[in-house]
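# Breakdown of the fold
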Protein chains: 4
Amino acid sequence: MDGSKEKIILNVGGIRHEMYCSTLRTFPGTKLCSLTEPHASTLYDYNPITKEFFFDRSAQLFGYVLSYYRTKHLHCPADTCRSVLEEELAFWEISDAQLAPCCWLKLTNKDSQLEEFNVWDENEHTDDERLVVQVERRDFSWRARWQPKIWSTFEKPFSSLSAKCLAIISLLFIIGIVIIFCEETKAQYEYFAANLTIFGRSDVIHSIHEPYYHQAPYLLHLELFCVLWFTFEFSMRFFFCPDKKKFLRNPLNVADFLSLFPVYIELFTTEQIQKMPSLALWLGFVRIVYLLKLLKIIKLIETPLILRVLSYTFKSIIQEICFLLMILAFETLFFGSLFFYGELLGVHPSYRGDLHFTDIIICFWWALITLTTVGYGDIIPLTTFGQVMAAFAAIFGMLTIIIPIPIFLVKFKGYYATAITKQKLKMSKKQ
Amino acid sequence: MDGSKEKIILNVGGIRHEMYCSTLRTFPGTKLCSLTEPHASTLYDYNPITKEFFFDRSAQLFGYVLSYYRTKHLHCPADTCRSVLEEELAFWEISDAQLAPCCWLKLTNKDSQLEEFNVWDENEHTDDERLVVQVERRDFSWRARWQPKIWSTFEKPFSSLSAKCLAIISLLFIIGIVIIFCEETKAQYEYFAANLTIFGRSDVIHSIHEPYYHQAPYLLHLELFCVLWFTFEFSMRFFFCPDKKKFLRNPLNVADFLSLFPVYIELFTTEQIQKMPSLALWLGFVRIVYLLKLLKIIKLIETPLILRVLSYTFKSIIQEICFLLMILAFETLFFGSLFFYGELLGVHPSYRGDLHFTDIIICFWWALITLTTVGYGDIIPLTTFGQVMAAFAAIFGMLTIIIPIPIFLVKFKGYYATAITKQKLKMSKKQ
Amino acid sequence: MDGSKEKIILNVGGIRHEMYCSTLRTFPGTKLCSLTEPHASTLYDYNPITKEFFFDRSAQLFGYVLSYYRTKHLHCPADTCRSVLEEELAFWEISDAQLAPCCWLKLTNKDSQLEEFNVWDENEHTDDERLVVQVERRDFSWRARWQPKIWSTFEKPFSSLSAKCLAIISLLFIIGIVIIFCEETKAQYEYFAANLTIFGRSDVIHSIHEPYYHQAPYLLHLELFCVLWFTFEFSMRFFFCPDKKKFLRNPLNVADFLSLFPVYIELFTTEQIQKMPSLALWLGFVRIVYLLKLLKIIKLIETPLILRVLSYTFKSIIQEICFLLMILAFETLFFGSLFFYGELLGVHPSYRGDLHFTDIIICFWWALITLTTVGYGDIIPLTTFGQVMAAFAAIFGMLTIIIPIPIFLVKFKGYYATAITKQKLKMSKKQ
Amino acid sequence: MDGSKEKIILNVGGIRHEMYCSTLRTFPGTKLCSLTEPHASTLYDYNPITKEFFFDRSAQLFGYVLSYYRTKHLHCPADTCRSVLEEELAFWEISDAQLAPCCWLKLTNKDSQLEEFNVWDENEHTDDERLVVQVERRDFSWRARWQPKIWSTFEKPFSSLSAKCLAIISLLFIIGIVIIFCEETKAQYEYFAANLTIFGRSDVIHSIHEPYYHQAPYLLHLELFCVLWFTFEFSMRFFFCPDKKKFLRNPLNVADFLSLFPVYIELFTTEQIQKMPSLALWLGFVRIVYLLKLLKIIKLIETPLILRVLSYTFKSIIQEICFLLMILAFETLFFGSLFFYGELLGVHPSYRGDLHFTDIIICFWWALITLTTVGYGDIIPLTTFGQVMAAFAAIFGMLTIIIPIPIFLVKFKGYYATAITKQKLKMSKKQ
């Protein structure tokens, strides 16, 4: 039996593996190769009776490590955890860059999603921890004792009975202000309609009186009452908030803050508004922030896990969505321009109607409405050339709608699996 | 050879595992650690000749348990059944909370879907079982003997020949009542159109006669005939139903019950209806419940498995859909308000047309029709500012349509796999 | 050592498994249980020296079989092939109905898809095989020798050069007839428009001449020329078709056959058509079957694999699609009725416009156009009540669009994976 | 013990497998079968003491190979890498065509995606490599030294500070030319509107002056300034481009080249344009290529990985999309024709309105707008027959939108997984 046929026996965790020395010498410089050197028996745990080298390692992956020496390709079993593989390869002094490309697909996705998701999860709990830290730091002050209670009363509607009551009161005020907001639009519309008639159609209807902006005072008083409540609520939440900076970075809180002022401005400028009613319109416009308060209702419901994952998914693909909106904008410009020239060049000289667009901006508007398949029909192509352009726009719009679906789906599936897992993990740890 | 290098041999189900004692001492308090204690050989099945501890356990997962002692990370193979892992870990006295996060992903989803789906499956068979129980309890009464037959004749169209005949008769009556319903709308429309002309356009057409509501009597008699059949059918089904409460909780049955009355009311108030025709309109409106009977046709077809899974999926994500409808409602309010102020603020003073909306409610209507990409075109933005708002609404609508797809898909795939499996399981057990 | 601790050793394919006799006695009547009986050593291959029973079976699944005796739950590894498991369980005399539900999910889907797909694949090749059979049966007749060649020349455009030429000629004729079809519509439209003006608007335009249907004769002659070619082609294909019944069952061939007659009818009834021009319209309507010939172009292109899978997927879910169309029909009826009464009940008495619908059929039309999110805007709700109905219809429509996506996707993925596999299998066998 | 029960022991990589000789004789001509021949002990590595044949191969797949001899079906474990299986089967002299169909599904998809994706990846880097080659070839010329720097300054905005500045300047010029393009449309629209009025509506407005095309000269000068910059940029990029042919094959570069001329033509033909203004319209139309420059902005942003995968996916299914567009075209022709005859045949003789379509082309336009669910509402069916056609078109449109989703999704998921893997692989190799 010649030297190349010399065998070596490895006992890895109790399982005997047998191979030719020449096999192990395939990759010099690795731990397994050094076993073939003469002094190996002194360096490693060698049993001279059974002629085995013993390694206290898992036998599962060692088979694949050995295959690497035999076939020069490093593979791994299906769904291997990355960390396990790395630890095992590090022990045997093999670089994980040697892994065959087909096996990289078996390793990776879940890990990265897990990492991303963990970051999100940690964010959620910062507030509570910060509070606990604060409580520990200055334990005996009045504020420290009450802050957590008051804060959770205002921010966590399910934490206690008083929090629930507060949430219901808050909810009623929000619904109230939305109704008031809708009612107020009536006065503004009436003023506006009168105004438009006078200036624009003075020959049609002769109105003797100057139009003036008249808003029912009881509406303003009701609105003031609601805003006073919101002022109280906002200041409480701000005062007892454990992290002021984070509180102000939240766009919903900024909207809350801004929504406190319009009613005061209107109250102190009633005289001026009578003279300058467009200010009333602008103040009305600003009041749309009241509607943002409706988003707080979401807090009042315990959102199902699947929807929290959904919102997280949306945040994670915000960059991609912006990019797609840029492409939509480009398509809008492109098809709008095509439509503009298509209609101008294609229209027959004997055509006796109006062109229903007056500039290229309207064409851009048409393009967007067609691309999103809304299709109002206020602007439509009149010429065959324009119709061909419109047909392309409609087909591209159909394809554009489909683009974000796979991105969304792929990300969502990953995060959902992770979220379900995390939830089970928590429940399992609580037991 | 020092103590830390002392080896221990475990024979797990015939496979020898070999490791250093120090490895097993990593996690004190577990069964494997106790093997390193001096008196272990008396507690466990120790063979002094081969120096092996014998455990009559599966060798498959033991490799992973041992890796836990070696690397301090507990992993598991791909697609491990949760129950198998739990039983194995319990035997070796290790908590399953130690499992590495990357491996939780390998365990979980299928289990939970299976559990949810089982609940559904059990619901389906309650009725049959209840019937069987009833039959066993009072075996000799007349009702007990006939109830199952009559009940299945009325409820299960494929159970017997008489059931099939009954189903076809019932189907003809349903189609008949729907046709009658459509015919009746004509009289109502004519009355209404005449009425509208008189009050609203008295200057255009001079009608001498008082408009009066005239419905062909034969239609009413045909309807009465159908309703008599439905009354008979409903009372039979109610009388022989094994579970009255469940029967009444079914919304379709409630609709059936309510649909029995309008025709009688109309019959007994023909005089009054001549004078107060709006009652006829309301009675007509209530008769829309007749259409719900069409849903019974679904019962007459053996629904494919995939559609039963679909309907189950819908039920399971009803909460999420409600939530998304809330978000759609919020978007409607928000974009509607933006559109309202956008048009008012943006319209040029020299504009000489009508505003085509009269209050903010119409703007909300516009917003919803744009968000769902229906886009009737009855209300369209006239100003550039309004068009920008509309563009945002159209884009948001496009994104909103996409949101429920992944939720729906992820759930559906899980349930479908389970349903296919269940079906095979049943077929396999029948053999 | 008591009897319950008595051990038994199984050598399955060279791997030693060791267990207590009591473990094997868990399931009486199975092969493994019978090993514990006294006379087992004579029945099975028992080695008295090593005290092992030898079984020449795979060791892979035996671990799971043994686990079944230990834990009373039968599991299997991930992605096990069903046939392998069944064979192994049959050898050990265990029913496969014992498999734990969580493991059924690991076994099944791929098998069934493979079966379905195989059926499809076999259908494709029937024609060729039938031809070969025919050729073998009556080998020496003139027809038998030429039939395969002529048939493949007409049916398989890529089989030879002459087939390619024929396909191109056929294609030109198809394009020609479509252009002729479009040209012919002009004469029909002109006749119709004139006709409409005379009867309906006699007060507006006084036309002296009787309108008569005048079609350019050269169009009819060109059409006749094309149809003569199609007659030739159809008769050749029918005559040399190996399976006449299958040929006539194909709807495209029936359409081909029907499309041969309209031109002859018109040719022999030119006199009558002058007097009864509505016949011309009906003949024109029937000529739409010419357009179906365009579908043959698909045959001229080598369709990518993914699209053949797509068409197969469509065929396999045709039942589900019909079902969903029924639900759409129900929604149409339901929302149409709601809209009808919503508008009638909600309209203000002072409303001075026309109702833009005249009966409930128009409301059904409106409902369908809203549900599919087309939204023409010809009929729109005028009352708030009707708008609420329309809003529900729009939202339901949005949800209805989403329903078929997961069904389609789940089926498609399965078939696509199978198709890819089949393709590789074929290529691998050819090598 | 008879001959058929004669056992043979194989030591594959240290693991002992034991089987009957008869088992190995199942497939004559394979390596394992030859072991049963008398002279096998001299051909292979046979140990006479332990009576084992030794093979230095992986034991993982050998179990499956042995099962092939026992059950006559060749299976493989889940997610096996194709190359591993092929190598192993080749060693044991078994054809991989013997693999059971159910296991082909476990092998294939990932491999093919990897191959496709690699091709793409290699394309990306050709330019750099070509440059490096060029640099090596003529090392000392002036051009060779500067080319890579200048080229990367113009083509890779993130390569250096000067590249960033150049990119910003270029971006400003692009935005500038788009604004100029929009401004220029105004003059063209005004000319056109005046022109239309004169010829078409001479009776309405009497315009004394000949209309002439008047474009503000400063716009033309600004445009010229921008185009001069683009000329400079294009010539630099062309001159220093390492691969001229590839540069000219890029459609964006061709568009760049074409966009350089319109302004010069207009500049040198100002006289003629005054007389022949339709030329101005055509020159304006050609200028739409300016908008294509906006696509370069995408280069300025580091596109997220997911979007590069998206664009690659689109390229890979371009054939399928073309095919689906053909089907859409067929549907358009078919439903358009049905609509045409549906309206002509269905319209009531007493109908006193205009038909809103004048030829069949308009019907095709209607069909496309309905199929894409845009639904402008400019052409709507007036007859019940036409409405039924429209309903079918709307439903088919809804289904047509769904078709490309699964194709897109299946391809995207594969490529995305591969791309993520490649990225990790690169990062791992850099370390």
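Residues numbered from 1 in each chain as written. Chains lettered and ligands numbered in written order. Predicted model: local features only at pLDDT ≥ 70, side-chain atom pairs only at ≥ 80, totals over all residues. Heavy atoms only, no water.

## Let's talk about the confidence of the model for chain A
Residue and element names in this part refer to chain A.
- Of the residues in chain A, 81% reach a pLDDT of 70 or more, and the chain-wide mean stands at 78.
- Mean pLDDT across the elements of chain A ranges from a minimum in helix α7 (residues 109-137), with 55, to a maximum in helix α20 (residues 360-371), with 90.
- Overall, residues 198-209 carries pLDDT values under 50, and its contacts beyond four positions in sequence, including any with other chains, amount to 11 contacts.
- Scoring the predicted complex yields pTM 0.83 and, for the interface, ipTM 0.80. (pLDDT = per-residue confidence, 0-100. Helix = DSSP H or I, 4+ residues; strand = E, 2+ residues; numbered from the N terminus. Contact = heavy atoms within 4.5 Å.)

## With respect to the sheet that holds strand β3 (residues 46-47) of chain C
All names here are of chain C.
- Taken in spatial order, the 4 strands line up as β2-β1-β4-β3 in an open sheet, and their pairing is mixed. Where the open sheet ends on each side, the last strands, each with one partner, are β2 (15-20) and β3.
- Note: β3 against strand β4 (residues 52-55), 2 bridges, orientation antiparallel. Across the sheet, N47 pairs through a bridge with E52, a residue of β4.
- Seen against the sheet, helix α4 (residues 62-71) touches β1 (7-12) and β2 and runs at an angle of roughly 5 degrees to β2. (Pairing = 2+ DSSP bridges. Axes fitted to C-alpha atoms, helices over the stretch in contact; angles between N-to-C directions.)

## Some points on the relation of the copies chain C and chain B
- It takes a turn of 90 degrees to lay chain C on chain B, together with a shift of 0.0 Å along the axis; the resulting RMSD is 0.1 Å. One copy is carried onto the other by what is essentially a four-fold rotation axis.
- Taken as a fraction of all interface residues of chain C, those also at the interface in chain B reach only 11%, which identifies the copy contact as different-surface. (Least-squares fit on C-alpha atoms with pLDDT ≥ 70 in both.)

## Overview of the interface of chain C and chain B
- Residue-level contacts link 83 residues of chain C with 79 residues of chain B.
- Carbon and sulfur atoms make up 72% of the area that chain C and chain B hide from each other, which totals about 7,400 Å².
- Summed over the shared surface of chain C and chain B, the result is 2 salt bridges.
- For K7(C), the salt bridge identified is with D45(B), shortest N-O distance 3.8 Å.
- Along the contact surface separating chain C from chain B lie 8 residue pairs in polar contact (both at pLDDT 80 or more).
- When contributions to the side of chain C that touches chain B are tallied by element, the ones reaching two or more residues are β2, α4, α6 (101-107), α7 (109-137), α19 (318-346), α20 (360-371), α21 (384-402) and α22 (404-430) of chain C.
- Ranked by residues supplied to the side of chain C that touches chain B, first place goes to α19(C) with 14 residues. (Buried area = accessible area lost by both parts, 1.4 Å probe. Salt bridge = Lys/Arg side-chain N within 4 Å of Asp/Glu carboxyl O. Polar contact = N/O pair within 3.5 Å; in protein donor to acceptor, adjacent residues only side chain to side chain.)

## Thoughts on the packing of aromatic side chains
- Going through the model one piece at a time under the given rule, you end up with 136 aromatic pairs over all chains.
- Judged by centre distance (6.3 Å) and plane angle (70 degrees), the ring pair of Y341(A) and F285(D) falls under edge-to-face. Of this pair, Y341(A) sits in helix α19 (residues 318-346) while F285(D) sits in helix α15 (residues 278-286), which puts the two residues in different chains.
- The class of F285(D) is buried, set by a relative accessible area of 18%.
- Note on F234(B) and F257(B): the rings are 5.7 Å apart at their centroids and 35 degrees apart in plane angle, and the pair reads as tilted. Taken together, the residues F234(B) in helix α10 (residues 217-239) and F257(B) in helix α12 (residues 251-258) connect sequence positions 23 residues apart.
- By relative accessible area, F257(B) is classed as partly exposed at 40%.
- Within the aromatic cluster, the residues linked to one another by ring pairs are F154(A), F173(A), F225(A), W229(A), F230(A) and F232(A). (Phe/Tyr/Trp six-rings, centres within 6.5 Å; stacked < 30°, edge-to-face > 60°. Buried < 20%, exposed > 50% of the residue type's maximum accessible area, 1.4 Å probe, protein only.)

## Side note on the side chain of E52(D)
Residues and elements named next belong to chain D.
- Locating E52 in the fold gives a position in strand β4 (residues 52-55).
- The exposure class assigned to E52 is buried, which follows from its relative accessible area of 11%.
- Within the structure, the side chain of E52 is placed 3.0 Å from the side chain of N11, a separation counted as a polar contact.
- For E52, the residues in contact, after removing those within four places along its chain, are I9, N11, R16, D45, Y46 and N47.

## A closer look at the environment of P242(D)
- Within the secondary structure layout, P242(D) lies in the loop between α10 (217-239) and α11 (244-249).
- Each C-alpha atom, one on P242(D) and one on I379(D), is 54 Å from the other, the two residues being 137 residues apart in sequence.

## Examining the pattern of salt bridges
- Overall, the coordinates contain 44 salt bridges over all chains when judged by the stated rule.
- Of the charged contacts in the structure, one is a salt bridge between R70(C) and D56(B), with a shortest N-O distance of 2.6 Å. Placement of R70(C) in helix α4 and of D56(B) in the loop between β4 (52-55) and α4 (62-71) is noted, with the two residues assigned to different chains. You'll find R70(C) and D56(B) in the same group, each marked buried.

## Concerning the sheet that holds strand β4 (residues 52-55) of chain A
All names here are of chain A.
- Taken in spatial order, the 4 strands of this open sheet run β2-β1-β4-β3, and their pairing is mixed. The open sheet has two edge strands, β2 (15-20) and β3 (46-47), and neither has a second partner.
- Sheet contacts for helix α4 (residues 62-71): β1 (7-12) and β2; angle to β2, the most-contacted strand, approximately 5 degrees.

## Concerning the state of the cysteines
- For the structure shown, the criterion picks out 0 disulfides over all chains.
- Note on C33(D): no disulfide assigned, nearest cysteine sulfur contributed by C21(D) at a separation of 9.9 Å. (Disulfide = S-S within 2.5 Å.)

## Section: helix α5 (residues 82-91) of chain B
- Where α5(B) is concerned, the buried positions are R82(B), L85(B), E88(B) and L89(B). Projection of α5(B) onto a plane perpendicular to its axis shows the buried side chains occupying an angular sector of 135 degrees, all on one side. (Arc of directions from axis to C-beta.)

## Thoughts on the side chain of E88(A)
- Examined against the element boundaries, E88(A) turns out to sit in helix α5 (residues 82-91).
- Excluding anything up to four places from it in sequence, E88(A) contacts R57(A), S58(A) and L61(A).

## A few points about a nonpolar patch on the surface
- There is a patch of nonpolar side chains on the surface, built from V254(A), F257(A), L258(A), F261(A) and I265(A) and spanning about 410 Å² of accessible area.
- The element contributing the most residues to the nonpolar patch is helix α12 (residues 251-258) of chain A, with 3 residues. (Patch = residues over 30% accessible without salt bridge, like charges linked within 9 Å, V, L, I, M, F, W, Y side chains within 5 Å. Areas by Shrake-Rupley, 256 points an atom, 1.4 Å probe, with all protein chains shown as cover.)

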